[in-house]
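# Coordinate analysis (summary)
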Amino acid sequence: MTINKVMVIGAGQMGAGIAQVFAQSGLQVMLNDLKQEALDKGLAGIEKRLKRAMEKGKMTEEDQQSTLQNLSGSTALEDASDCDFVIEAVVENMDVKEKVFKSLDEITPSHAILATNTSSLPITEIAAATSRPSQVIGMHFMNPVPVMKLVEIIRAIQTSDETYQAIEDLAKKLEKTPVEVEDFPGFVSNRILMPMINEAIYTVHEGVATPEDVDTVMKLGMNHPMGPLTLADFIGLDTCLYIMEVLHEGFGDSKYRPCPLLRKYVKAGWLGKKSGRGFYSYE
């Protein structure tokens, strides 16, 4: 299957990053968001990143202009009516995602592949919301998308080999490294990462060490580029909590129980960098 025209739903940090890498690879991309303000912000962010890359000599002016020409904006899902591929990067909520996929199933051509960038939710359940479950797949990009090479490609139980191969080829076209993953809670990346972050929060909760010292141990002792609590702040503590809850519910294992301190911070509105405060202050 040839993929020429793409829609990315959700103009936040992940969605805009995904749209950027598609446009850079020469595909026609529509970045979609319900809100015009969010769409404008997403497109402006892409333009800013491309300009910075050009100034650093990582991109020619010609490539920058070509990428921007491949990009367009949309505030209506109906604009996906002639797309070969649609990927959503909306809020991590099953009800919201199922609603999006049911709409896309009615709007998009019968050959179109529908993908989700979910970081933890079951692809099999999302696929079941459509009449084309064999053409539904998970394509989990890492943040920041233009920089990180990994893409987890997650098969639903219904996903066909043809769909999988098309998405693996697409990931390579984007100059990403695809890894095939089965549909289990948290896939590979978050099944390993989130319990580590949760355990780091427990060490603070139990008074073992300060956030600064926990992060220093992991950076200098384990050669991590960023400490787990700094990373949690950048991901968003609400997102970390949500993924831990998905793991806890999905596996039914107490080792995935979210730390009470994580719950307390989220209830206080201390969500990390995006709210100005998490384990560190960003005022």
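Residues numbered from 1 in each chain as written. Predicted model: local features only at pLDDT ≥ 70, side-chain atom pairs only at ≥ 80, totals over all residues. Heavy atoms only, no water.

An unreviewed UniProt entry annotates the protein as 3-hydroxybutyryl-CoA dehydrogenase of Halobacillus yeomjeoni. Of the comments in the UniProt record for the protein, the one headed Sequence similarities (unreviewed entry) reads "Belongs to the 3-hydroxyacyl-CoA dehydrogenase family." (UniProt positions renumbered as here; feature names shortened; annotations may be inferred.)

Burial analysis of strand E7 (residues 150-155) places five of its six residues in the buried class, which makes it a mostly covered element. With five bridges connecting them, strand E6 (residues 136-141) and E7 associate as antiparallel partners. Note that in E7 the partner of His140 across the bridge is Glu152. (Buried < 20%, exposed > 50% of the residue type's maximum accessible area, 1.4 Å probe, protein only. Helix = DSSP H or I, 4+ residues; strand = E, 2+ residues; numbered from the N terminus. Pairing = 2+ DSSP bridges.)

Taken as a whole and assessed by the stated rule, the structure comprises nine salt bridges. Between Arg132 and Asp105 there is a salt bridge, with its nearest N and O atoms 2.8 Å apart. Pair noted here: Arg132 is in the loop between helix H5 (123-127) and E6 and Asp105 is in helix H4 (residues 94-107), with a separation of 27 residues, a long-range link. Overall, the relative accessible area of 15% leaves Asp105 in the buried class. Members of the salt-bridge network, linked through shared partners, are Glu88, Glu92 and Lys97. (Salt bridge = Lys/Arg side-chain N within 4 Å of Asp/Glu carboxyl O.)

Moving on to the UniProt feature "binding site: NAD(+)" (unreviewed entry) in the protein. In this structure's numbering, the residues bearing the UniProt feature "binding site: NAD(+)" (unreviewed entry) are Gly10, Ala11, Gly12, Gln13, Met14, Gly15, Asp33, Glu92, Lys97, Ser119, Asn143 and Lys274. With a sequence span of 265 residues, these residues are also far apart in the fold, their greatest C-alpha distance being 22.7 Å. Position of Glu92 relative to the elements: it lies in the loop between strand E4 (85-88) and H4. The buried category is assigned to Glu92, whose relative accessible area is 17%. Those residues within four positions of Glu92 in sequence are excluded, and the remaining contacts are Lys97, Thr118, Ser119, Ser120, Leu121 and Tyr242. At a separation of 3.2 Å, a polar atom in the side chain of Glu92 contacts the side chain of Ser120. Within the fold, Asn143 resides in the loop between E6 and E7. The partly exposed category is assigned to Asn143, whose relative accessible area is 36%. Residues within four places of Asn143 in sequence aside, it is in contact with Gln13, Met14 and Met148. (Contact = heavy atoms within 4.5 Å. Polar contact = N/O pair within 3.5 Å; in protein donor to acceptor, adjacent residues only side chain to side chain.)

Quick look at the layout of surface pockets now. Reported here for the second largest pocket is a volume of approximately 180 Å³. Considering the residues around the second largest pocket, the lining is formed by Ser120, Leu121, Pro122, Asp183, Phe184, Pro185, Phe187, Tyr242, Glu245, Val246, Glu249 and Gly250. Broken down by class, the residue content of the lining of the second largest pocket amounts to seven nonpolar, two polar and three charged. (1 Å grid on protein atoms, 1.4 Å probe; cavity = no way out; pocket = protein on both sides within 12 Å on 5 of 7 lines; lining within 4 Å. Points joined across faces, edges and corners; volume = space filled by probe spheres on them. Nonpolar A, V, L, I, M, F, W, Y, C, P; charged D, E, K, R; others polar.)

On to the packing of aromatic side chains. Taken as a whole and judged by the stated rule, the model has five aromatic pairs. Between Phe251 and Tyr256, the ring centres sit 5.2 Å apart and the planes meet at 25 degrees, which makes this aromatic pair stacked. Taking the relative accessible area as the measure of exposure, Phe251 reaches 27% and is therefore partly exposed. Grouped by ring-pair contacts, the aromatic residues Tyr265, Trp270 and Phe279 constitute a single cluster. The ring of Trp270 has Arg277 lying over it, and the distance from NZ or CZ to the ring centre is 3.6 Å. (Phe/Tyr/Trp six-rings, centres within 6.5 Å; stacked < 30°, edge-to-face > 60°. Lys NZ or Arg CZ within 6 Å of the ring centre and 35° of its normal.)

Attention now moves to the nonpolar core. Residues Val8, Phe22, Phe85, Ile87, Met139, Phe141 and Ile167 are the most contacted members of the largest nonpolar core, which totals 36 residues. Listed in part, the 23 residues of the second largest apolar core include Met7, Leu104, Leu114 and Val246. (Core = buried A, V, L, I, M, F, W, Y, C linked by side-chain atoms within 4.5 Å.)

Once that is clear, we can look at the UniProt feature "domain: 3-hydroxyacyl-CoA dehydrogenase NAD binding" (unreviewed entry) in the protein. UniProt records the feature "domain: 3-hydroxyacyl-CoA dehydrogenase NAD binding" (unreviewed entry) for residues 5-183 in the present numbering. Across residues 5-183 one finds 41% helix and 22% strand; the C-alpha atoms that close the span lie 27 Å apart.

Let's shift gears to the sheet that holds strand E2 (residues 28-32). The strand order across the open sheet built from eight strands is E3-E2-E1-E4-E5-E6-E7-E8, with neighbouring strands paired in mixed fashion. The two strands at the open ends of the sheet, each matched to only one other strand, are strand E3 (71-74) and strand E8 (177-182). On average, each strand axis in the sheet is inclined to that of its neighbour by 25 degrees, with strand direction left out of account. Bridge count for E4 against strand E5 (residues 113-116) is four bridges, and the pairing is parallel. (Axes fitted to C-alpha atoms, helices over the stretch in contact; angles between N-to-C directions.)

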